[in-house]
Amino acid sequence: MPLSEHEQRMLEQMERALYAEDPKFATALEGSGLRTYTRRRVYQAMAGFLVGIALLMTGMVAKQIWVSVMGFLVMLGCAVLVVTGWRKAPKPGEQPAAGAPHARHQGRQRRSVMDRIEQRWQRRRDEQQGGGQ
């Protein structure tokens, strides 16, 4: 059962008021999406890979085998993170897997606070109706 027009207007007013009062907090509530999180993680792993290369070279120059081995292990771990991160990231325009924390709503890239509240409300109603039968 969708929200009535009055309830939708009230939620829109609440959303506008939240953005007017504290835009930083409202943006934080909106979230940046799974793809952005995954991309950030991949970039961090790439930076770690470069640190691993630096450790490997430093160990070779200083003739310290253990430093080179640590550099190689850092490179290996970061390479695994990069590969798994790229595989998990949804492609642009693609729907993430069901149950993903930041699932898109009706093809929009960013969902408003109202859309998320409405989706939670609908999920609760469905669970109550399914559990009561």
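Residues numbered from 1 in each chain as written. Predicted model: local features only at pLDDT ≥ 70, side-chain atom pairs only at ≥ 80, totals over all residues. Heavy atoms only, no water.

- Under an unreviewed UniProt entry, the name given to the chain is DUF3040 domain-containing protein, and the source organism is Streptomyces prunicolor.

## So, unusual backbone geometry
Okay, step 1: Located in the positive-phi region is Lys63, a residue other than glycine, with phi close to 55 degrees.
Okay, step 2: Note on placement: Lys63 falls in the loop between helix H3 (34–61) and helix H4 (65–88).
Okay, step 3: Residue classification places Lys63 among the exposed residues on the basis of a relative accessible area of 72%. (Helix = DSSP H or I, 4+ residues; strand = E, 2+ residues; numbered from the N terminus. Buried < 20%, exposed > 50% of the residue type's maximum accessible area, 1.4 Å probe, protein only.)

## Considering the environment of Gly48
Okay, step 1: Looking at the element boundaries, Gly48 is found in helix H3.
Okay, step 2: Spatially, the C-alpha atom of Gly48 lies 7.0 Å from that of Val74, the residues being 26 residues apart in sequence.
Okay, step 3: Apart from residues no more than four positions distant in its own chain, Gly48 is found in contact with Val74 and Cys78. (Contact = heavy atoms within 4.5 Å.)

## Quick look at the side chain of Ser68
Okay, step 1: With respect to the helices and strands, the residue Ser68 is situated in helix H4.
Okay, step 2: If we ignore the near neighbours within four places in the chain, the residues touching Ser68 are Leu55, Leu56, Gly59 and Met60.

## Thoughts on the confidence of the model for the chain
Okay, step 1: Scored by pLDDT, the chain has a mean of 76; 70% of the residues are at 70 or more.
Okay, step 2: When the elements of the chain are averaged for pLDDT, helix H2 (residues 23–30) gives the smallest value, 68, and H4 the largest, 88. (pLDDT = per-residue confidence, 0-100.)

## Concerning a nonpolar patch on the surface
Okay, step 1: A grouping of Ile65, Trp66, Val69, Met70, Phe72, Leu73, Leu76 and Val80 is seen on the molecular surface, where their side chains present a nonpolar patch of about 840 Å² in accessible area.
Okay, step 2: Relative to the assigned elements, Leu76 resides in helix H4.
Okay, step 3: Given the relative accessible area of 46%, Leu76 is considered partly exposed. (Patch = residues over 30% accessible without salt bridge, like charges linked within 9 Å, V, L, I, M, F, W, Y side chains within 5 Å. Areas by Shrake-Rupley, 256 points an atom, 1.4 Å probe, with all protein chains shown as cover. Salt bridge = Lys/Arg side-chain N within 4 Å of Asp/Glu carboxyl O.)

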